[in-house]
2 protein chains.
Amino acid sequence: MGEKKLAVVAFGGNALLRAGQKGTIEEQEANVYETCQSLLELVQKDYNIVIGHGNGPQVGNILLQVNAGEKMYGIPEMPLDICGAYSQGLIGYIIEQQFMNVLKKNNLKKDIITLVTQVVVDKNDPAFQNPTKPIGPYYTEEEMEVLKSKNPKDSFAKDPKGKGWRKVVASPKPVEINNKETIERLAREGKIVVTVGGGGIPVYHVEPGKLQGIDAVIDKDLASSMLAIFINADEFYILTDVPRVCLNFHTPDEIQLSTVTISEAKKYLADGHFTEGSMAPKIRAAINFVENGGKTCIITEAGQLGNPEAGTRIVMG
Amino acid sequence: MGEKKLAVVAFGGNALLRAGQKGTIEEQEANVYETCQSLLELVQKDYNIVIGHGNGPQVGNILLQVNAGEKMYGIPEMPLDICGAYSQGLIGYIIEQQFMNVLKKNNLKKDIITLVTQVVVDKNDPAFQNPTKPIGPYYTEEEMEVLKSKNPKDSFAKDPKGKGWRKVVASPKPVEINNKETIERLAREGKIVVTVGGGGIPVYHVEPGKLQGIDAVIDKDLASSMLAIFINADEFYILTDVPRVCLNFHTPDEIQLSTVTISEAKKYLADGHFTEGSMAPKIRAAINFVENGGKTCIITEAGQLGNPEAGTRIVMG
């Protein structure tokens with residue numbers, strides 16, 4: 001104990017629900033099973049493992065389900081923190097069950113513990129002045145005006161493709177991760193811990209000592225990065241759908257990166273090589289980890305985890 | 001450590017969502033806050049505490065939400081195990097947050113850990129031959145016939161009050177509780193552990209070593225009772241909405257019971273003193289605990305936890 005390497009692995013949305021899929025449970029279970037099979041590489045190398053995961057497609061569906069539940073059956077609509085809590089139950093359960101099945105299939109024995117996890121944000125985070133993250137159903141302008149008159153604090157933005165209006169919320173920085181000491185200890189004892197789902201359930205101190213949920217989405221890579229720092233992880237893996245980070249992505253001049261220093265990474269970010277909502281937040285999460293004491297962040301596809309030639313390593317320098 | 005008493009407390013549905021309430025988040029948070037205040041009695045007596053909880057009203061709402069989400073937005077409807085997972089996220093989050101707030105308010109420091117918990121059932125449990133637990137929306141006979149032709153294995157029952165047809169599922173016995181060793185250890189270290197929500201997410205071995213969810217509802221008092229046995233709890237509290245168990249309940253001959261031996265309890269059960277779906281499963285869970293090594297089970301209202309004169313104690317004999 002204590003000598004084994006500790007890795008935090010952030011599952012991308014792809015690991016859970018793929019583009020073009022409807023999102024049936026069978027699809028999600030199969031995707032997760034496959035990703036967990038890839039993670040066997042880390043288990044077999046005797047890493048201790050903490051899994052963070054996204055919830056974009058799932059919480060998107062949940063927001064529509066609670067919206068429809070209100071319209072059809074009059075069930076009070078649930079705020080975003082509660083929808084995030086639903087999604088942690090959903091995704092955590094699927095990961096825990098499928099990873100258990102993968103381990104059993106390979107005659108490995110490890111406990112998997114899934115925690116419902118609150119992540120504290122600062123109500124003075126500047127992100128709250130400029131909410132940008134669209135969530136939930138599309139509304140007509142009239143519907144949007146009605147909602148806005150009911151909840152004047154809510155912000156809405158017009159969809160650029162003309163599909164209507166959507167509520168937008170802030171994406172504040174994670175400040176504190178509830179139960180991080182327990183997460184670290186369970187992981188260092190060899191249990192696989194599933195936590196900070198969807199970036200964590202966003203909560204804030206409405207007054208000292210009193211937590212309350214808040215309408216916000218915490219970036220899941222950043223939350224996993226903060227967790228990796230807090231628990232002194234040796235390595236931080238961000239799983240995505242490409243084997244390596246690229247410059248000039250999807251152009252004839254595309255360059256795959258194998259090792260990037262954080263000063264190079266910052267320059268590439270500033271030069272606009274990375275898409276917002278996709279690779280850019282991953283690069284920022286990687287920089288955050290390495291700048292705060294982490295040694296290496298590896299961005300790669302799940303299927304490439306065992307391949308020392310694959311992946312992009314973000315390192316100090 | 002190890003010397004303190006370990007108590008398992010099963011929250012009733014009432015602790016979460018009360019009859020006549022619509023089920024808004026504000027209502028549920030306030031109910032849970034109040035129940036957690038009552039639990040302070042146990043914290044101040046230095047008990048280690050594990051909380052199990054029901055999910056009846058919540059999973060009822062979730063089933064309607066996922067049904068409405070399919071009808072309005074075409075989101076694949078989720079099976080009952082997944083709806084249970086949603087509810088563990090939801091309720092676990094609310095309990096954890098409100099209990100943290102109660103502790104802070106009282107200058108107490110304890111970690112609260114909420115686990116997503118699978119509970120294994122036996123696919124040969126006779127309950128699967130006779131599903132009786134109604135779940136989800138009411139259907140017309142025509143709608144029911146369409147559903148039955150799509151999923152011939154599903155069972156439906158006609159509502160006795162004429163509100164239509166509902167799907168009915170089995171209520172099998174809990175056989176194994178995932179991560180029970182970790183639950184016990186965390187609790188004995190002084191952390192408050194929230195687990196087996198809604199009786200646990202029902203899963204079974206579809207083949208050796210392979211878990212899968214199943215359409216079933218595990219009785220939450222029985223699941224908490226099994227957990228209390230597994231983790232060698234000293235006391236098992238079942239919270240309900242009456243201060244004491246009664247004979248001839250709600251009649252002029254009503255008798256409040258203060259101490260009941262398990263042989264008396266069995267006789268009262270056989271004599272039909274306790275309502276199915278209400279006090280009867282609580283009495284069975286209490287008997288199960290005491291017959292399997294537990295010392296005392298106390299059935300009472302949350303508000304009476306500090307009152308040594310209140311509650312009904314079920315003991316050996």
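Residues numbered from 1 in each chain as written. Chains lettered and ligands numbered in written order. Predicted model: local features only at pLDDT ≥ 70, side-chain atom pairs only at ≥ 80, totals over all residues. Heavy atoms only, no water.

A. Layout of helix H3 (residues 80–105) of chain B. With 26 residues, H3 of chain B extends 37 Å between its outermost C-alpha atoms, agreeing within 8% with the 38 Å of an ideal straight helix rising 1.5 Å per residue. Asn107 of chain B sits one or two positions beyond H3 of chain B and adopts a positive phi of about 55°. (Helix = DSSP H or I, 4+ residues; strand = E, 2+ residues; numbered from the N terminus. Expected span 1.5 Å × (residues − 1).)

B. Representation of the pairing of strand S6 (residues 155–158) of chain A in the model. Residues and elements named next belong to chain A. Direction of pairing for S6 relative to strand S7 (residues 165–169): antiparallel, over a ladder of four bridges. Bridge pairing in S7 places Lys158 opposite Trp165. Where S6 hands over to S7, the hairpin turn is made up of six residues, of which Gly162 adopts a positive phi near 80°. (Pairing = 2+ DSSP bridges.)

C. Main features of the domain arrangement of chain A. All names here are of chain A. By the assigned domains, chain A splits into domain 1 (6–130 + 170–315) and domain 2 (131–169). For domain 1 versus domain 2, the separation of C-alpha centres amounts to 26 Å. Counting from both sides, the interface comprises 13 residues of domain 1 and, opposite them, ten residues of domain 2. Around 870 Å² of area is buried between domain 1 and domain 2 when both sides are counted, 65% of it from carbon and sulfur atoms. As a salt-bridge pair, Lys167 and Asp215 come within 2.4 Å of each other at their nearest N and O atoms. Where domain 1 packs against domain 2, one counts two residue pairs in polar contact (both at pLDDT 80 or more). Examining the composition of the side of domain 1 that touches domain 2, we find that three residues originate from one element, helix H2 (residues 56–73), more than from any other. Classifying every residue of the side of domain 1 that touches domain 2 gives eight nonpolar, four polar and one charged. (Domains from an automatic or database assignment. Contact = heavy atoms within 4.5 Å. Buried area = accessible area lost by both parts, 1.4 Å probe. Salt bridge = Lys/Arg side-chain N within 4 Å of Asp/Glu carboxyl O. Polar contact = N/O pair within 3.5 Å; in protein donor to acceptor, adjacent residues only side chain to side chain. Nonpolar A, V, L, I, M, F, W, Y, C, P; charged D, E, K, R; others polar.)

D. Spotlight on the relation of the copies chain A and chain B. Each copy superposes on the other: chain A lies on chain B with an RMSD of 0.0 Å after a rotation of 180° and an axial shift of 0.0 Å. In short, the pair behaves as if placed about a two-fold rotation axis. A share of 100% of the interface residues of chain A reappears at the interface of chain B, consistent with the copies meeting face to face through the same patch. (Least-squares fit on C-alpha atoms with pLDDT ≥ 70 in both.)

E. Quick look at a negative patch on the surface. Residue and element names in this part refer to chain A. Together, Glu141, Glu142, Glu143 and Glu145 line one region of the surface with negative charge. In this structure, Glu141 sits in helix H4 (residues 141–150). Judged by relative accessible area, Glu141 falls into the partly exposed class, the value being 41%. (Patch = residues over 30% accessible without salt bridge, like charges linked within 9 Å, V, L, I, M, F, W, Y side chains within 5 Å. Areas by Shrake-Rupley, 256 points an atom, 1.4 Å probe, with all protein chains shown as cover. Lys, Arg positive; Asp, Glu negative; His and termini not counted. Charge placed at Lys NZ, Arg CZ, Asp CG, Glu CD. Buried < 20%, exposed > 50% of the residue type's maximum accessible area, 1.4 Å probe, protein only.)

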